[in-house]
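Geometric and topological summary
Here's the letter readout for the chains.
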Amino acid sequence: MPNAKITLTGTAVQHLKKTLQKKTEALGIRFGVKNAGCSGMSYVLDFALETKPEDHIFETAGIKVVVDPLSLEYVQGTEIDCVEEGLNAALKFNNPNVKSACGCGESFNIEK
């Protein structure tokens, strides 16, 4: 896959480093998609406690992002950012594959 990469912005790296310090057994984060929401798919983000031989691993500034092969088709080329508003911080996914998203921003669609 030519665009098969996942990147993190500097603010996402800082945010995830703090988050991963709380879960010392985590190897990194697991990033994927599931069928959900009004547009069809939503992102799933969790701690990566293990990896499987078929997983794809992307690393930015020491943070590993683990993606399963089925999700990679939908998230390849995504940049993960962290947006801070006041005391709150939220991860934002800049996915070049998204064709449409629902109004609430919780789900998206990729047309093939």
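Provided above is the structure to which this section pertains.
Parameters at a glance
Residues numbered from 1 in each chain as written. Predicted model: local features only at pLDDT ≥ 70, side-chain atom pairs only at ≥ 80, totals over all residues. Heavy atoms only, no water. Helix = DSSP H or I, 4+ residues; strand = E, 2+ residues; numbered from the N terminus. Buried < 20%, exposed > 50% of the residue type's maximum accessible area, 1.4 Å probe, protein only. Areas by Shrake-Rupley, 256 points an atom, 1.4 Å probe, with all protein chains shown as cover. Phe/Tyr/Trp six-rings, centres within 6.5 Å; stacked < 30°, edge-to-face > 60°. Polar contact = N/O pair within 3.5 Å; in protein donor to acceptor, adjacent residues only side chain to side chain. Pairing = 2+ DSSP bridges.

What about the overall build of the protein?
Helix and strand counts for the protein stand at 2 helices and 9 strands. In the protein, buried positions account for 34% of the 112 residues. As presented, the protein carries roughly 6900 Å² of accessible surface, and 49% of it is formed by carbon and sulfur atoms.

Section: the environment of Leu27
Considering the arrangement of structural elements, one finds Leu27 in the loop between α1 (10-21) and β2 (28-36). Measuring from C-alpha to C-alpha, the distance between Leu27 and Thr51 comes to 8.4 Å, with 24 residues separating the pair along the chain.

A look at the packing of aromatic side chains
Taken as a whole and assessed by the stated rule, the structure comprises 3 aromatic pairs. For the pair Phe31 and Tyr43, a centre-to-centre distance of 5.7 Å together with 20 degrees between the ring planes defines the contact as stacked. Here Phe31 is found in strand β2, whereas its partner Tyr43 is found in strand β3 (residues 40-48), with 12 residues between them in sequence. For Tyr43, a relative accessible area of 22% puts it in the partly exposed group. For the pair Tyr43 and Phe93, a centre-to-centre distance of 4.4 Å together with 35 degrees between the ring planes defines the contact as tilted. Here Tyr43, found in strand β3, pairs with Phe93, found in strand β7 (residues 88-94); they are 50 residues apart in sequence, far enough to count as distant.

Section: the side chain of Asn97
Within the fold, Asn97 resides in the loop between β7 and β8 (100-101). For Asn97, a relative accessible area of 18% gives the class buried. A polar contact is formed between the side chain of Asn97 and the backbone oxygen of Tyr74, at a distance of 3.4 Å. A polar contact is formed between the side chain of Asn97 and the backbone oxygen of Gln76, at a distance of 2.7 Å.

A short note on the pairing of β7
Relative to β7, strand β6 (residues 79-85) is paired through 7 bridges, and the arrangement is antiparallel. Its bridge partner being in β7, Glu84 is matched across the sheet by Ala89. A loop of 2 residues connects β6 with β7, the two strands running antiparallel in sequence, and Gly86 in this loop sits at a positive phi of about 65 degrees.

Points about the pairing of strand β4 (residues 56-60)
Sheet analysis places β4 next to strand β5 (residues 63-67), joined by 5 bridges and oriented antiparallel. For Ile57, the partnering residue across the bridge sits in β5 and is Val66. Count of turn residues in the β4/β5 antiparallel hairpin: 2 residues, of which Ala61 carries a positive phi of about 50 degrees.

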